[in-house]
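# Inside the fold
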Amino acid sequence: MKRFKLPTAVACLIVLGSSVAFAAGYEKVPDRDPTSIAANPFLAGAYGFIWVALLVYVVIVARGLSKASNEVKELRRKLEQQS
Amino acid sequence: MLAPNGFVKTIFLVASKDLRIEWRNREITATMGFFSVLMVLIFAFAFVNPAGDGLKSEVTAGVLWVGLLFSGTIALARTFDRERDLEAIRALLLSPAPRAAIYLGKLLGVVFLMLLVQLAVTLLSGLFFSASIGQHAVWLALFLGLGTLGYAAVGTVVSGALIRSKSRDALIAALLFPLVTPLVMAGVRGTSMLLNPETPDMESIVFWTEFLVVVDAVFLILGLWAFEPVISGE
Amino acid sequence: MVQHTMPPTSTPPKPATLGVFLLGVAVCILGYAWVPQMIVGAPIEMTMGPVQKIFYFHVPCAWLLMLSVFVCAGGSVAFLFKGSERGDRLARCSSELAVLFGLCVLVTGPLWGRVAWGVYWQWDARLTSSLLLWLIMVAYLLARQYGGPASRKLAAALALFAAADVPLVYISVHIWRTIHPSTSVVPTLAPAMRAVFWTSAALFTVLWFVLLSFRLRLERLRNEVDELAIEVEDVLEVRMETKRI
């Protein structure tokens, strides 16, 4: 446990430092009219992208789960046959 | 546990072993050196206008640091390739040498080779790009030295872990370059200020130097922790 | 007679755990239907117009990217220094979520930027450090996939370096130039916007937990497949030895 005191302390400092860093402010771009471009396609595109990405990920994981479950059943069946 | 002078002796033993092998065939120095020269030439063809003045200090600084990254990748890959031949790494790990000492010894060897090549790249850049490298030579050497140390600190861990990997050559760069970005940012900022023929902003240069020292310290500490479990393999 | 012991099974989830998981899934599905309506109904921001509403899902995705990275680093520390297999599984699964949510941040941010700033990309501290963090997480997955025999430990070391790297990248680019909206936007939101924002953030966080537990289940099953495959090979080998004798 003693081995981890220094690494844990350093890790906490890093997390603290990054939180403080992220809380720092920015400057805004001056003289820019955000309403000059139609916003709705970008808004819809952004939201749509997130849900498509999440859906694709869920489908990939679900297919992996189904394949792994089938492999487990098959291997157990083989083991039981051998014994 | 080794006495402190035993630990330091081990570091120098490992480093001198690598450098002695390198001195005998000069393979890494020759390939790294030639590659770096060609790289500076390619950048010269890409950026320099033959009719015009030398390059801006920002571009020269970029060339120096890209050279550091690319040549360093070759040094890191080849240094550990030698350990893989005839399973020399196994002999090294079976010895009573502490892993931290092996890490620092390897690091020292890589840093020495990289600095040698970096010297050639800097001189060539000064020649081809009309860069004022002599203006603040000590600061420039400090920047490049700190950058080399930080890069090698991470690179030694990564290339040690990839010693038995088939995709080693492609993966070293792919894994290292995102990690060393703060080094490159700080290094290029500071170096471009140093190469500025007008009076450089010394306050910023000192800041970037301090930043590089912090980055190097973080990378060295993490490298010392991570090297042992990583080199021991699965 | 060949004697062998069955390897430990990945036990099906307990009813309470399964219940919590299904509740989480239900919350996410409801959220998927409800949050868009909340976002459409939220007041339009004065200076940025309707495009500001990207903020309601862009910021939660950025937080979840950071959360995933730190969970990955935590799991990696446990695996690297204590040999914890659970830590390794957690690190791998959360690294995938980091890449997923990072991608969402890097797509939605430039879409917002195109309208707000006129350009898709600016080299400011927040964007650059998000991009670097995402690239490091992609490098983590590459290391796991192609890193050879020590790939798990190499990737764990990468996660450690990544966690330390992020604040350093941020600070270096922040000194370099900044253009991103202030983080103090969140605490100073109008009450109507605050409700929508925190609801969206809470739902995304529930979604993160659901996805992580879903992915962890797959990882445990894959480990079980590997163990069973080794067991089957061992049994076959012993049988062949017995026949030869």
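Residues numbered from 1 in each chain as written. Chains lettered and ligands numbered in written order. Predicted model: local features only at pLDDT ≥ 70, side-chain atom pairs only at ≥ 80, totals over all residues.

### A closer look at helix α3 (residues 85–116) of chain C
All names here are of chain C. Taking 1.5 Å of rise per residue, 32 residues should cover 46 Å, and α3 covers 45 Å from first to last C-alpha, within 8% of that figure. Taking burial as the measure, the 32 residues of α3 include 23 buried ones, the bulk of the element. The positive-phi residue at the C-terminal boundary of α3 is G118, with phi of around 90°. (Helix = DSSP H or I, 4+ residues; strand = E, 2+ residues; numbered from the N terminus. Expected span 1.5 Å × (residues − 1). Buried ≥ 20, exposed ≤ 12 C-beta atoms within 10 Å, placed from the backbone.)

### Comments concerning the nonpolar core
Residues V69, A157, L158, A159, L160 and A162 of chain C are the most contacted members of the largest nonpolar core, which totals 146 residues. For this core, the element with the most residues is helix α2 (residues 55–82) of chain C, which contributes 17 residues. L158 of chain C has contacts with L175 of chain B together with I136, A139, Y140 and A143 of chain C, leaving out every residue within four places of it along the chain. (Core = buried A, V, L, I, M, F, W, Y, C linked by C-beta atoms within 7 Å. Contact = placed C-beta atoms within 7 Å.)

### What about the interface of chain C and chain B?
Chain C puts 26 residues into the contact, and the matching count from chain B is 28 residues. Here the side of chain C that touches chain B takes 13 residues from helix α5 (residues 151–176) of chain C, the largest share from any one element. Broken down by class, the residue content of the side of chain C that touches chain B amounts to 21 nonpolar, three polar and two charged. (Nonpolar A, V, L, I, M, F, W, Y, C, P; charged D, E, K, R; others polar.)

### A word on the confidence of the model for chain A
Chain-level pLDDT for chain A is 71 on average; 54% of the residues reach the 70-or-more range. This model gives residues 19–28 of chain A a pLDDT under 50, and the stretch forms 18 contacts once residues within four places in sequence are excluded. (pLDDT = per-residue confidence, 0-100.)

### Let's talk about unusual backbone geometry
All names here are of chain B. The backbone phi angle of R26 is positive, close to 55°, even though this residue is not glycine. By the secondary structure assignment, R26 is in the loop between α1 (4–25) and α2 (27–47). For S130, which is not glycine, the phi dihedral falls at a positive 50°. For S130, the position within the fold is in the loop between α5 (99–128) and α6 (137–161).

### Description of the environment of L67 of chain C
With respect to the secondary-structure elements, L67 of chain C resides in helix α2. C-alpha of L67 of chain C to C-alpha of T205 of chain C: the two residues are 138 residues apart in sequence and 9.6 Å apart in space.

### Quick look at the packing of α2 of chain B against α5 of chain B
Residue and element names in this part refer to chain B. The N-to-C vectors of α2 and α5 enclose an angle of 25°; their axes lie 10 Å apart at closest approach. Considering their axes alone, α2 and α5 lie roughly parallel with respect to each other. In this structure, α2 crosses over α5, and the sense of that crossing is right-handed. Between α2 and α5, the residues in contact are I28, T29, M32, G33, S36, V37, V40 and A44 and L113, L116, V117, A120, V121, L124, S125 and F128, respectively. (Axes fitted to C-alpha atoms, helices over the stretch in contact; angles between N-to-C directions. Parallel < 35°, antiparallel > 145°, perpendicular 65-115°, else oblique. Left-handed = near helix turned anticlockwise from the far one by under 90°.)

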